[in-house]
Structures are given as structure tokens and as C-alpha cells.
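Structure assessment
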Amino acid sequence: MDRILIRGGNRLQGRIFISGAKNAALTLMPCALLTDEPLTLRNLPRLADVDSFGHLLNQLGASTAIEGSRPEDFGRVMTIRAGRLTSTEAPYDIVRKMRASILVLGPLIGRAGEATVSLPGGCAIGNRPIDLHLKAMEAMGAEIELAAGYVKAVAPGGRLPGGRVSFPVVSVGATENALMAAVTARGGTVIENAAREPEIVDLCNCLVAMGASISGIGTETLEIEGRDRLHGATYAVMPDRIEAGSYACAAAITGGSVELAGAEANDMRATIAALVEAGVSVEEGKGSIKVSADGPLRPITLSTAPFPGFATDMQAQFMAMLCKADGASVLTETIFENRYMHVPELARMGADITVTGRSAVVRGVAGLVGAQVMATDLRASMSLIIAGLAAEGETQVSRVYHLDRGYERLEEKLSAVGADIERIGDG
Ligand code: UD1
């Protein structure tokens, strides 16, 4: 298995191009199941999860054609055509590897009136059940059956009536599934306490481009008028706010100055506010954000929350950055119950972190030291890269497949701004 080798200590300087958002791509791709016409997605990131989702769509009978597949191309264009579905089942083998596979549930019911999806099982960052997805389908009129590790959802008479979905907790994925099922329901649907993440707005805008009727976009109440059919469209995936935030932390921990080209500041206000509070200077330009750190980093207090709050997907990267702050920071994780797996690895690099329940106290240290580390999820792996960039000596991060799921050409982007980083094979 590949590893990433970093020799820390270089100050990052220059420009990094931000790719299309992984989490937006993974909810835009299944929209293609809602129509027999082609859906063309632009600015699709080159990521393992995007490829896996493409394979899942192929298994359901959709064709996927990619342009711009030369290694040097950023922003691939994928045309997905689901002329006829040949299956309505998302099998265990795929769902187990990629939880986002659950996002075919809504569109399959919407298009075919039924869907069979494997229960995702355990996940590294917590329990992550799908009860909210199923309750939403039920509220819109689906009949749900659970058997042999699979969920089967059926729309009586082949089409959901629609209904009132009221989420007890905010869920990004369940809101996405509810939206994709509602747009072709027979009647109207109201989604209350909907997630407001920018990726949900991106999904709504794509569905509207396909002929859906949605009002309240970007608010916690979405009203959908079901349409008899949707049509094809061409849509560009939004920039990845988590990738941008990750490179901001990387620049800051090295005392560097990096322009994040293509990043959208309005999608990452909480991240920007936290960077500024930590003493990082953030300049917003047109279609880019410049992040510079020249003094010592300041400790901060942060708590993760649904958008517009501070993203749980940024917690690990901030934790790494704050290891070099001048004092003690307090981070609280409120979304996932087991999202501190990077802590023991950071400790091996000299970090001083104490976790009590859902909170972590990060006491800044004078220096981090390179070590062999590995992490069990995507953002945790990125926190180790960030720490490695500032550590003295060599850091080896293994289980690179986590990073490949969510960071397009990580080594290339970081080398281009001065990092000493390379991928090495195990051979
Ligand atoms: C999405 C993102 C992930 C991000 C998360 C929170 C994708 C592919 N993934 O994940 O990167 O960290 O949003 O911003 O977009 N929950 C339930 N029952 C459910 C569904 C969720 O109890 O049926 C709980 C979860 O365990 C968690 C909370 O709700 O505690 C929020 O999870 P959710 O917003 O659904 O996250 P995902 O959509 O899985």
C-alpha cells in the first residue's frame, strides 16, 4: 500500500487550485437516476469516491462517460445517462466501502418506485445510522421493509404521494435523499429542519436545472412540488470548501501564505472566522481566498455544528493546526461521537491533547516531530499531513487510500507550494 512521505519545515507559498467538492459530487451524481436524459456534471473532482459512485451507477444500468480524463486535467466532465434502469439495488459490497451509496435510495424510489439498499454497517467515525433517511421516505408515503441487512423501500402504485418530512436532527444525507425522492412525487413535500449546507444548495440548484420545483433553497424549510418527469441538464459542481479549509490550515501551520484559487468564501464563513480568530490573515478576492500566517497562532475555542456552524469535516485539520498555537484550545465535536481517532496519532508526533467526552483540549507545543502515523478516516488523515508539514524531520502517513477518497492530487498540490512531500509505493 502507498504511503505519503513528508519532510516537514517548509513554509508553504503560492497558489493551490481548489477542486470540485467531493460531497457535492456524491449527491449530484445520483440525480442522473431521476431522468432518462443525460446529466452532464462539470468540475467533477478526480477522486476514488467519485469513481466508486460511477461504478454503482453503472450497476444500476446508467452509463458514465468521462471527458478530460488525462492525468493533467483538473475538473473532469462526466455525462451520466440512465436511459433505462436495470437494477434498483445498492449492494453491501459497495455501500460498505462508501457510505454515500445510500444516496441512491431517494432517486431510485423517485424514478422506479422502489429501491433496495444495503444497511451501511459500522463506520470509522461513529455509528452513523440511516433511520432518518428511512423515516423521510415513510413520511412521503414509502413502505419500508428490513430484511437480511437490506432495506427495501417501495412507493405504493409506483409513485410516492409526497408529504411532510420533519427531521428531529439535521442530517445532510437524509435531506439529500428526501429532496431527490420528492422532486418526482405525485404531490407536494415539505422538508422541515432541512440541512442548509452549501452542498444541499448545490443539489437543489441542479435539480431545478433538471426541471424540479423547489422553494426555500438555502433555508431550513424546503417546499417541493413533485413533477411528472425531470429532464437532462449540464451542471458545474461547487468548489470544495473542505479541501480549501484544509489547505488553509496547512498554510497557517507552516507560517506560509497561500492563495486558494476557486474557493468560495461565502461557503466557508465559520472556517474563515476560526482562522482569523487563530491569528491567520484571510483576504477574500474575486473567486479566491488568500491565507497568510506570519505571527504565532493563537489558541481558540471551537464547537462543530450543522451549517452555518463550524463543519465537523474541518475539526481534525484545525486540531492539527492548533497543536502549534501559543496556548490551549478547546474543540468540541457535536456531530459524530467517535471523531478523535487522529488524537493518538498526533500525540505520537509530540502533540499535547486531552480528550474528555466530546471535548478535546489542545495545548500548543513548541515543535512537532515527524513519525510513522496512520488514520482511519479521510479528514483525520489530512490532519496528519498538516502536522507532518510543520513537524521536524520525516513523517510517513500510511493508509493513503483514505486521502485518495477526498483530496485530488494532494502531493502535487502541496509540492507546488513548496512542501517536501512524495508518495511512495510499498515495494
Ligand atoms: C455528510 C457528509 C460528511 C459530513 C456530514 C456532516 C457526505 C457524503 N458526507 O455525511 O462528510 O461529515 O455530512 O456534515 O456528504 N444521523 C442519524 N440518522 C440518520 C442519519 C444521520 O442519527 O439516518 C446522525 C449521524 O450519525 C450524525 C448526524 O446525524 O450524528 C449528522 O449526520 P449527517 O448529516 O447525516 O451526515 P452524512 O450525510 O452521513
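Residues numbered from 1 in each chain as written. Predicted model: local features only at pLDDT ≥ 70, side-chain atom pairs only at ≥ 80, totals over all residues. Heavy atoms only, no water.

A separate point is the overall build of the protein chain. A count of helices and strands for the protein chain gives 14 helices and 24 strands. Its C-alpha radius of gyration of 21 Å places the protein chain within 12% of the 22 Å reference for a compact globule of 427 residues. In terms of overall dimensions, the protein chain has C-alpha extents of about 65 × 45 × 45 Å along its principal axes. Of all 427 residues assigned to the protein chain, the portion counted as buried reaches 55%. When the accessible surface of the protein chain is summed, it comes to about 15800 Å², and 49% of that surface belongs to carbon and sulfur atoms. If the 40 positive side-chain charges of the protein chain are averaged to one point and the 49 negative ones to another, these points end up 2 Å apart. (Helix = DSSP H or I, 4+ residues; strand = E, 2+ residues; numbered from the N terminus. Rg over C-alpha atoms; globule rule 2.2 N^0.38 Å. Buried < 20%, exposed > 50% of the residue type's maximum accessible area, 1.4 Å probe, protein only. Areas by Shrake-Rupley, 256 points an atom, 1.4 Å probe, with all protein chains shown as cover. Lys, Arg positive; Asp, Glu negative; His and termini not counted. Charge placed at Lys NZ, Arg CZ, Asp CG, Glu CD.)

Our next topic: the nonpolar core. Residues Phe53, Val104, Leu179, Ile191, Leu207 and Ile214 are the most contacted members of the largest nonpolar core, which totals 76 residues. Here this core takes six residues from helix H6 (residues 172-182), the largest share from any one element. Other than its neighbours up to four places away in sequence, phenylalanine 53 contacts Leu26, Met29, Pro30, Met98, Ala100, Ser101, Leu103 and Val104. Core analysis: the next-biggest nonpolar cluster, separate from the first, contains 73 residues, Met319, Leu322, Ala325 and Ala375 among them. (Core = buried A, V, L, I, M, F, W, Y, C linked by side-chain atoms within 4.5 Å. Contact = heavy atoms within 4.5 Å.)

Further remarks concern empty space enclosed by the protein. What the rule picks out here adds up to one cavity of 30 Å³ or more. Empty space within the largest cavity amounts to approximately 30 Å³. Around the largest cavity, the lining residues are Ala195, Arg196, Ile200, Val201, Cys204, Ile217, Gly218, Thr219 and Leu222. Among the elements that take part in the lining of the largest cavity, helix H7 (residues 198-209) stands out by supplying three residues, more than any other. (1 Å grid on protein atoms, 1.4 Å probe; cavity = no way out; pocket = protein on both sides within 12 Å on 5 of 7 lines; lining within 4 Å. Points joined across faces, edges and corners; volume = space filled by probe spheres on them.)

Two numbers describe how helix H8 (residues 241-253) lies on helix H12 (residues 378-390): the axes approach to 8 Å, and their chain directions differ by 25 degrees. When the interaxial angle is binned, H8 and H12 end up roughly parallel. Judged by the twist between their axes, the crossing of H8 over H12 is right-handed. For the pair formed by H8 and H12, the contact residues are Ile242, Ser246, Tyr247, Cys249, Ala250 and Ile253 on the first element and Arg379, Met382, Ile386, Ala387, Leu389 and Ala390 on the second. Looking at the contact of H8 with H12, its residues break down into 10 nonpolar, one polar and one charged. (Axes fitted to C-alpha atoms, helices over the stretch in contact; angles between N-to-C directions. Parallel < 35°, antiparallel > 145°, perpendicular 65-115°, else oblique. Left-handed = near helix turned anticlockwise from the far one by under 90°. Nonpolar A, V, L, I, M, F, W, Y, C, P; charged D, E, K, R; others polar.)

What follows concerns the environment of isoleucine 66. Its place among the elements puts isoleucine 66 in strand S4 (residues 63-67). The contacts of isoleucine 66, once residues within four sequence positions are left out, are Arg76, Val77 and Met78.

Moving on: helix H5 (residues 131-139). For H5, every residue scored as buried is listed here: Leu132, His133, Leu134, Ala136 and Met137. The secondary structure elements touched by the buried residues of H5 are helix H4 (105-112), strand S8 (143-147), strand S9 (150-154), strand S10 (164-166) and H6. The positive-phi residue at the C-terminal boundary of H5 is glycine 141, with phi of around 110 degrees.

So, on to the packing of H8 against helix H10 (residues 315-322). A packed helix pair is summarised by two numbers, namely the angle formed by the two axes and the spacing between the axes. Contact pair H8 / H10: the axes reach a minimum separation of 9 Å and the direction vectors enclose 5 degrees. Comparing their axes, H10 and H8 come out roughly parallel. Here H8 contributes Ile242, Ser246, Cys249, Ala252 and Ile253 to the contact with H10, which in turn contributes Gln317, Phe318, Ala320 and Met321.

A word on the side chain of glutamate 408. Along the chain, glutamate 408 falls in the loop between helix H13 (401-406) and helix H14 (410-416). Glutamate 408 gets classed as buried once you look at its relative accessible area, which sits at 2%. Only 3.4 Å separates the side chain of glutamate 408 from the backbone nitrogen of arginine 46, close enough to count as a polar contact. (Polar contact = N/O pair within 3.5 Å; in protein donor to acceptor, adjacent residues only side chain to side chain.)

Moving on to the site of the ligand. Lining the immediate surroundings of the ligand are 18 residues, of which Asp131, Leu132, Ser171, Asp313 and Ile335 lie closest. For the ligand, an oxygen atom lies 2.8 Å from a polar atom in the backbone of glycine 173. Note that an oxygen atom of the ligand is positioned 2.5 Å from one of the backbone N or O atoms of isoleucine 335. Calculation on the ligand without its partners gives an accessible area of 740 Å², and the protein chains cover 84% of this total. Within the residue set of the shell around the ligand, elements represented by two or more residues are H5 and H6. (Near = heavy atom within 4 Å.)

Another aspect to go through is the sheet that holds strand S14 (residues 233-236). Read from one edge to the other, the open sheet built from four strands follows the order S4-S5-S3-S14, with strand pairing classed as mixed. Looking along the sheet, the strands with just one partner apiece sit at the ends: S4 and S14. With direction set aside, neighbouring strand axes in the sheet form an average angle of 20 degrees. Pairing of strand S3 (residues 39-44) with S14 involves four bridges; the strand directions are parallel. The residue of S14 that forms the bridge with arginine 42 is alanine 236. (Pairing = 2+ DSSP bridges.)

Of all residues except glycine, most have a negative phi; of all peptide bonds, most are trans. A cis geometry characterises the amide bond from phenylalanine 307 onward to proline 308, with omega recorded as 10 degrees. In the Ramachandran plot, asparagine 193 falls in the positive-phi region, its phi being about 55 degrees despite a non-glycine side chain. For asparagine 193, the position within the fold is in the loop between strand S11 (188-192) and H7. Residue asparagine 193 is classed as partly exposed on the basis of its relative accessible area of 24%. Positive phi values are uncommon outside glycine, yet arginine 409 reaches one of about 45 degrees. Tracing the chain through its elements places arginine 409 in the loop between H13 and H14.

Often, the extent of an interface is quoted as the loss of accessible area upon association of its parts. For the protein chain, the assigned domains read domain 1 (3-19 + 239-424) and domain 2 (22-236). Relative to domain 2, the C-alpha centre of domain 1 lies at a distance of 30 Å. Every contact between the two is made by 25 residues of domain 1 and, on the other side, 22 residues of domain 2. Of the roughly 2000 Å² buried between domain 1 and domain 2 on both sides combined, carbon and sulfur atoms contribute 54%. At the boundary of domain 1 and domain 2, one finds two salt bridges. (Domains from an automatic or database assignment. Buried area = accessible area lost by both parts, 1.4 Å probe. Salt bridge = Lys/Arg side-chain N within 4 Å of Asp/Glu carboxyl O.)

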